[in-house]
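Commentary on secondary and tertiary structure
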Amino acid sequence: MRKILPPELLKAHAEIKEIARGYGLETFETIFELVDYDEINEIAATGGFPNRYPHWRFGMDYDYLSKSYTYGLQKIYELVINNDPCYAYLQSGNEIVDQKLVMAHVYGHCDFFKNNMWFSKTNRKMLDEMANHATRVREYQDRYGVDNVENFIDVCCSIDNLIDFFSVFAQKPSVIRKGGLEKSSDDFSEESGVRKFDSKDYMDKYVNPKSFLEDQEKKIRDEVEKSRKFPLEPKRDILEFLIQYAPLENWQREILSIVREEAYYFAPQGQTKIMNEGWASFWHSTIMTQHVLKDSEVIDYADHHSGTMGSSPGQINPYKIGIELYRDIEDRWNRGKFGKEYDECDSLEAKRAWDKKTDLGRQKIFEVRKLHNDVTFIDSFMNEEFCNRLKLFTYGFNRRTGQYEIVDRDWRKVKNQLLFSLTNFGNPIICVEDANFENRAELLLTHRHEGVDLEFDKASETLRNIQLLWKRPVHILTKYNNQPKLLTHDGKELKEKDA
Amino acid sequence: MNAGIKRDHQRFKQIVKGKIKQNLKKYISHGELIGRQAKDYVSIPIPQIDLPRFKFGKRQAGGVGQGEGAPGTPLGPGEPEEGSQQAGNSGGEHSLEVDVTLAELAQMLGEELELPNIQPKGSGAIQSHKNRYSGIHTVGPNSLRHVKRTFKEALKRQIVTGQYNPEDPVIIPIKKDHRYRSWKSVTKPENNALIIYMMDVSGSMGDEQKEIVRTESFWLDTWIRSQYNDVEIRYIIHDATAKEVDPQTFYHTRESGGTLISSAYKLANEIIVKEYPVSEWNIYAFHFSDGDNWSGEDTKLCVEMLRNDLLPKLNSFCYGQVESRYGSGQFIKDLLENFKEEDRIITSKIESKEAIYRSLKEFLGKGK
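Residues numbered from 1 in each chain as written. Chains lettered and ligands numbered in written order. Predicted model: local features only at pLDDT ≥ 70, side-chain atom pairs only at ≥ 80, totals over all residues.

1. Quick look at the overall build of chain A
Cut-off, in case you're wondering: The helix and strand labels rest on DSSP assignments: H or I over at least four residues marks a helix, E over at least two residues marks a strand, and numbering proceeds from the N terminus.
A tally of regular secondary structure across chain A gives 22 helices and 10 strands. On the principal axes, the C-alpha backbone points of chain A span a range of 100 × 65 × 55 Å.

Below is the structure:
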């Protein structure tokens with residue numbers, strides 16, 4: 001069970017809270033709970049929420065986490081959820097210095113949750129909402145059968161990345177209606193464009209007989225109907241589209257909505273992984289080294305801090321990139337290394353020694369944490385110097401040797417590659433193009449191909465899942481090896497043809 | 001605090017078991033499980049059961065890394081081929097390895113092959129004694145003192161004699177209060193089994209054949225172990241002469257030369273007579289060969305030995321004939337001819353790895 005923090009941790013919490021405030025970190029109330037290693041694995045498996053709807057994949061994650069803990073491969077230090085109040089978990093087996101580090105780190109996260117604009121539309125009572133979802137799903141399981149509901153959740157989760165991250169800013173997260181095709185105009189006759197012959201009023205019904213007009217009007221309307229696409233614009237939020245228009249039972253529609261809501265809730269965390277972790281690391285490092293650390297704790301702190309910041313060649317560590325970039329920005333703005341004058345300066349020497357004593361660094365990073373997401377963060381602030389200093393490179397697969405190899409150290413390529421992997425959080429961009437494909441109520445999706453093919457097996461299985469929702473055949477237009485392909489799943493088998 | 005996750009975990013395990021069952025046929029014919037065997041369990045790699053999503057192919061996408069190294073420096077091997085029309089593997093994500101106990105595996109095997117449980121011969125004839133510490137005595141060694149019961153007795157005594165004061169609950173046991181754990185002897189019927197594997201290692205048995213034998217015997221072991229408390233296994237190899245070896249040698253030795261099957265039967269008989277009283281052991285003999293025997297004379301000898309010496313001692317005698325390029329495959333015919341009526345002699349032809357599945361069923365399907 002959850003335990004009240006022991007006095008030493010309560011004291012540490014109070015101290016760190018004060019220091020964080022002093023730096024201008026602004027958070028929801030933050031509540032720490034002490035849990036043991038197994039509990040933290042349990043909570044982590046369900047995404048930080050103790051009460052989630054029942055689903056086997058949480059069990060799978062738990063299995064993975066607890067096994068890797070048992071074998072000493074990994075250990076969860078901290079876990080914090082974006083909620084008001086913010087809940088964070090401390091693992092009871094950790095050293096006191098670790099607990100302080102985690103607390104300072106958590107304060108960084110909480111500040112980020114509260115102030116970063118990409119989080120501004122998330123539900124801050126998600127803990128309750130998740131519990132409500134759990135209750136609803138359990139009710140459906142009682143009524144419609146455990147397997148039935150579970151299989152349906154499988155299908156929904158398989159497409160939970162097909163949402164539109166930006167739509168939350170375009171409109172209020174819409175109350176989703178059930179409905180058929182939108183019939184936007186009954187007023188065709190007024191603007192139908194049927195041309196009348198000029199005539200005197202009293203001659204009108206002879207010159208332009210009513211039956212003729214109606215015929216003309218019908219013809220035009222038919223043409224418009226035929227050419228009319230539905231949806232009018234390609235839609236990125238495929239989940240919403242299916243909720244509105246797929247022939248689902250009410251409980252299915254409800255579950256799909258639940259999955260969609262949770263996907264939107266988690267989306268900003270995916271969008272700001274580098275920034276969020278970087279921000280939290282920046283603050284734990286600042287708070288710990290400048291205030292909290294005792295002499296006797298320095299070694300342990302350094303050990304764990306460097307453990308968190310360590311990177312392996314095959315992947316980048318968001319903590320590391322993030323904290324370094326914040327530090328870099330702070331330094332640049334402290335020394336006035338920005339703006340036209342600096343950019344146009346040709347002398348490397350002068351640039352290196354540049355110091356205008358502008359002292360805007362702190363202010364700047366607080367602004368950055370408010371406005372940016374990972375894509376804009378990297379795009380705006382990552383420069384040549386930074387890439388070289390962090391020894392970043394791009395890697396790719398070499399077919400000849402069957403290995404991944406370092407490809408390039410050119411900073412522009414590194415940046416492009418990084419931006420690509422962050423865009424749409426590294427997911428392909430897929431839209432609903434036409435819900436009446438070939439005039440047979442089949443669903444056409446398009447993949448905006450940007451140079452990387454979809455994984456074929458997964459794509460075909462996913463297509464199959466969408467077919468289960470749409471009930472009619474589902475197509476996706478994509479490319480393989482630069483050849484446009486149309487993959488079709490009709491519920492029985494996958495067909496593939498050149499398009 | 002989180003009962004939900006335990007249920008999810010159970011559910012996940014159920015799904016995993018289902019997956020293993022689904023693919024059991026594949027596992028049976030490929031020997032990959034043998035290398036993954038620990039003492040009581042095997043760890044089975046199962047196909048990813050994660051949910052499919054639209055994802056980029058990992059190879060083509062590449063990525064950004066950090067560290068030393070010039071362009072061209074390898075970072076590690078790629079995952080198996082993907083993106084093809086065939087069943088691919090996504091790689092990149094953690095692959096799933098599931099630990100399954102041998103008992104569970106045997107159960108799945110039994111269900112998959114619809115195997116009857118073995119009826120042990122002379123069941124109950126063999127008794128074993130076990131000591132269970134389940135009783136309480138008033139005397140005993142201090143190492144077996146039952147503290148809780150001792151204090152309980154002391155408390156009872158103090159209450160009865162009015163020495164107990166709830167305000168100051170001090171309990172002091174005296175000698176009379178002491179209680180000790182004691183044991184009871186339990187008699188249990190014991191079923192022991194002995195498996196004797198015999199294999200022809202003459203020149204005509206190649207690596208492929210041995211692999212088949214190895215895989216087949218892994219499953220035979222698994223099943224027979226699940227049916228008996230205690231299983232012993234002995235290995236005999238033979239060409240023109242027979243000798244007893246350890247499992248390592250059994251599966252890997254390659255001899256050359258002729259084949260006298262009778263030599264193996266003779267040795268098996270000797271082992272049984274010397275070490276395993278028939279009344280106490282359920283004995284299984286498996287013989288794998290490519291069916292070539294040196295002479296009709298020796299085959300006759302084999303038949304005789306089987307009939308007179310071995311069969312009376314055995315639960316069953318199983319002969320598996322592995323297809324080989326050189327073997328004539330005569331021996332199985334000879335056995336069938338001579339033992340038409342005898343249901344304790346089971347023969348099976350194992351032409352390929354795929355045939356292991358069927359042959360297991362033939363060997364074990366009779367419940368002997």
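2. A look at the overall build of chain B
Heads up, the rule is: Counting other C-beta atoms within 10 Å of each residue's C-beta, where C-beta atoms are placed from the backbone, gives the exposure class: buried for 20 or more, exposed for 12 or fewer, partly exposed between. Any two residues are considered in contact once their C-beta atoms, placed from the backbone, lie within 7 Å.
Each helix and strand counted, chain B has 11 helices and 12 strands in total. Out of the 368 residues belonging to chain B, those deemed buried represent 33%. Across chain B, contacts joining residues at least 24 apart in sequence account for 78% of those joining residues at least 6 apart.

3. What about helix α4 (residues 102-113) of chain B?
Given 3.6 residues to a turn, an α-helix orients residues that are three or four positions apart in the same direction. All names here are of chain B. Selection rule: A helix is expected to span 1.5 Å multiplied by its residue count minus one. The arc under discussion is defined with respect to the helix axis, by the directions toward the C-beta atoms.
Across its 12 residues, α4 extends 16 Å between first and last C-alpha, which sits within 8% of the 16 Å expected from 1.5 Å per residue. The set of residues buried in α4 consists of L105, A106, L109 and L113. The buried residues of α4 occupy an angular sector of 100 degrees when projected down its axis, which confines them to one face. Among the residues trailing α4, E114 stands out with phi positive, at a value near 55 degrees.

4. Brief notes about the domain arrangement of chain A
Residues and elements named next belong to chain A. Basically, it comes down to this: Boundaries between domains were set according to an automatic or database domain assignment.
You can read the domains of chain A as domain 1 (7-116 + 272-303), domain 2 (310-423) and domain 3 (428-498). The C-alpha-based centres of domain 1 and domain 2 are spaced at 26 Å. With 14 residues of domain 1 in contact, the opposing surface of domain 2 contributes 15 residues. Here the side of domain 1 that touches domain 2 gets 9 residues from one element, more than from any other, and that element is helix α13 (residues 273-292).

5. Quick notes on the nonpolar core
Note that soluble globular proteins tend to have their nonpolar side chains buried in a common cluster. Here is the rule: To form a nonpolar core, buried Ala, Val, Leu, Ile, Met, Phe, Trp, Tyr and Cys residues must be joined through C-beta atoms within 7 Å.
Y107(A), L242(A) and I255(A) are the most contacted members of the largest nonpolar core, which has 114 residues in total. Among the elements that line this core, the one with the most residues is helix α4 (residues 96-115) of chain A, at 10 residues.

6. With respect to unusual backbone geometry
Residue and element names in this part refer to chain A. Here the amide bond leading from D84 into P85 is cis, since omega sits at 0 degrees, within 30 degrees of zero. Along the chain, P85 falls in the loop between β2 (78-81) and β3 (86-91). The backbone of N439 sits at a positive phi, close to 55 degrees, despite the residue not being glycine. Here N439 shows up in the loop between β6 (430-437) and β7 (442-447). Residue class for N439 comes out exposed when judged on the 8 C-beta atoms lying within 10 Å of it.

7. A few points about the interface of chain A and chain B
Heads up, the condition is: The classification used treats Ala, Val, Leu, Ile, Met, Phe, Trp, Tyr, Cys and Pro as nonpolar, Asp, Glu, Lys and Arg as charged, and all other residues, Gly among them, as polar.
Listed as interface residues are 63 residues of chain A and, on the opposing side, 42 residues of chain B. Mapped by element, the contributors of at least two residues to the side of chain A that touches chain B are α2 (37-45), α3 (56-70), α6 (146-157), β4 (392-398), β5 (403-408), α21 (411-422) and α22 (456-470) of chain A. At 8 residues, the largest contribution of residues to the side of chain A that touches chain B is made by α3(A). Among the residues forming the side of chain A that touches chain B, the class breakdown is 29 nonpolar, 18 polar and 16 charged.

8. So, the sheet that holds strand β11 (residues 316-322) of chain B
Residues and elements named next belong to chain B. To keep it simple, the criterion reads: The pairing criterion is simple: DSSP has to find at least two bridges between the two strands. Working convention: axes come from line fits to C-alpha atoms, limited for helices to the stretch in contact. Angles between N-to-C directions cover 0 to 180 degrees.
The sheet built from 6 strands is open, its strands ordered β9-β8-β7-β10-β11-β12 with mixed pairing. Since the sheet does not close on itself, it has two edges, and those belong to β9 (242-245) and β12 (345-350), each with one partner. Here the average twist between neighbouring strands, direction ignored, is 20 degrees. Sheet analysis places strand β8 (residues 230-238) next to β9, joined by 4 bridges and oriented antiparallel. Bridging from a neighbouring strand, H238 pairs with A242 of β9. Helix α6 (residues 207-227) rests against β7 (192-200), β8, β10 (281-289), β11 and β12 of the sheet, and its axis sits at about 175 degrees to β7.

9. Regarding the sheet that holds strand β9 (residues 483-489) of chain A
Residue and element names in this part refer to chain A. Spatial ordering of the open sheet is given by β6-β7-β8-β9-β10, a layout of 5 strands whose pairing is mixed. One side of each edge strand has no neighbouring strand; the edge strands of this open sheet are β6 and β10 (494-498). Between one strand axis and the next, the sheet turns through 25 degrees on average, direction left out of account. Bridge count for β6 against β7 is 5 bridges, and the pairing is antiparallel.

10. Some words on the packing of helix α5 (residues 126-144) of chain A against helix α12 (residues 250-271) of chain A
Residue and element names in this part refer to chain A. The line we're drawing: The cut-offs work like this: below 35 degrees is roughly parallel, past 145 is roughly antiparallel, 65 to 115 is roughly perpendicular, and the gaps in between are oblique. By definition, turning the near helix anticlockwise from the far helix through less than a right angle yields a left-handed crossing, and turning it clockwise yields a right-handed one.
Close contact between α5 and α12 brings their axes to 11 Å; oriented N to C, the two are set at 155 degrees. The pairing of α5 with α12 is recorded here as roughly antiparallel in orientation. Relative to α12, α5 is oriented so that their crossing is left-handed. When α5 is examined against α12, the residues M126, H133, R136, V137, Y140 and Y144 are found in contact with a partner set consisting of W251, E254, I255, I258 and Y265.

11. Some thoughts on the pairing of β11(B)
Residue and element names in this part refer to chain B. Among the 7 residues of β11, 7 are classified as buried, and the element is accordingly described as predominantly covered. Judged by which residues are buried, β11 turns out to be covered on both faces: S316, C318, G320 and V322 on one side and F317, Y319 and Q321 on the other are all buried. The pairing of β10 with β11 spans 6 bridges and is parallel. Bridging across to β11, S289 finds its partner in Q321.

12. Re the packing of α6(A) against α12(A)
Residues and elements named next belong to chain A. Two elements in contact, α6 and α12, have axes separated by 10 Å at closest approach and are oriented at 45 degrees. Considered as vectors, α6 and α12 are oriented oblique to each other. For the element pair α6 and α12, the recorded crossing hand is right-handed. Taking contact as the criterion, the partners of F152, I153, C156 and C157 in α6 are, on α12, Q252, I255, L256 and V259. Taken together, the residues of the contact of α6 with α12 break down into 7 nonpolar, 1 polar and no charged.

13. With respect to the confidence of the model for chain B
Here is the rule we go by: Confidence of the predictor at the level of single residues is given by pLDDT, which spans 0 to 100.
With 87% of its residues at a pLDDT of 70 or more, chain B shows a mean pLDDT of 80. Confidence drops under a pLDDT of 50 for residues 79-93 of chain B, and excluding neighbours within four residues, the segment shows 26 contacts in the predicted structure.

14. Some remarks on the environment of S289(B)
Residues and elements named next belong to chain B. On the secondary structure map, S289 appears in strand β10. For S289, a count of 28 C-beta atoms within 10 Å corresponds to the buried category. Excluding its chain neighbours within four sequence positions, the residues that come into contact with S289 are D200, I261, Q321 and F331.

15. Topic: the environment of W219(B)
Residue and element names in this part refer to chain B. Within the fold, W219 resides in helix α6. C-alpha of W219 to C-alpha of R181: the two residues are 38 residues apart in sequence and 43 Å apart in space. Residues contacting W219, with those up to four places away along its chain left out, are I28, L109 and L360.

16. Quick look at the confidence of the model for chain A
In this model, chain A carries an average pLDDT of 87, and 94% of its residues clear a pLDDT of 70 or more. Taken together, the stretch residues 173-191 of chain A has pLDDT below 50 and engages in 15 contacts with residues farther than four places along the chain or on a different chain.

17. Here's the deal with the environment of A103(B)
Following the sequence through the fold, A103(B) ends up in helix α4. Along the chain, A103(B) and V170(B) lie 67 residues apart, while their C-alpha atoms are 51 Å from each other.

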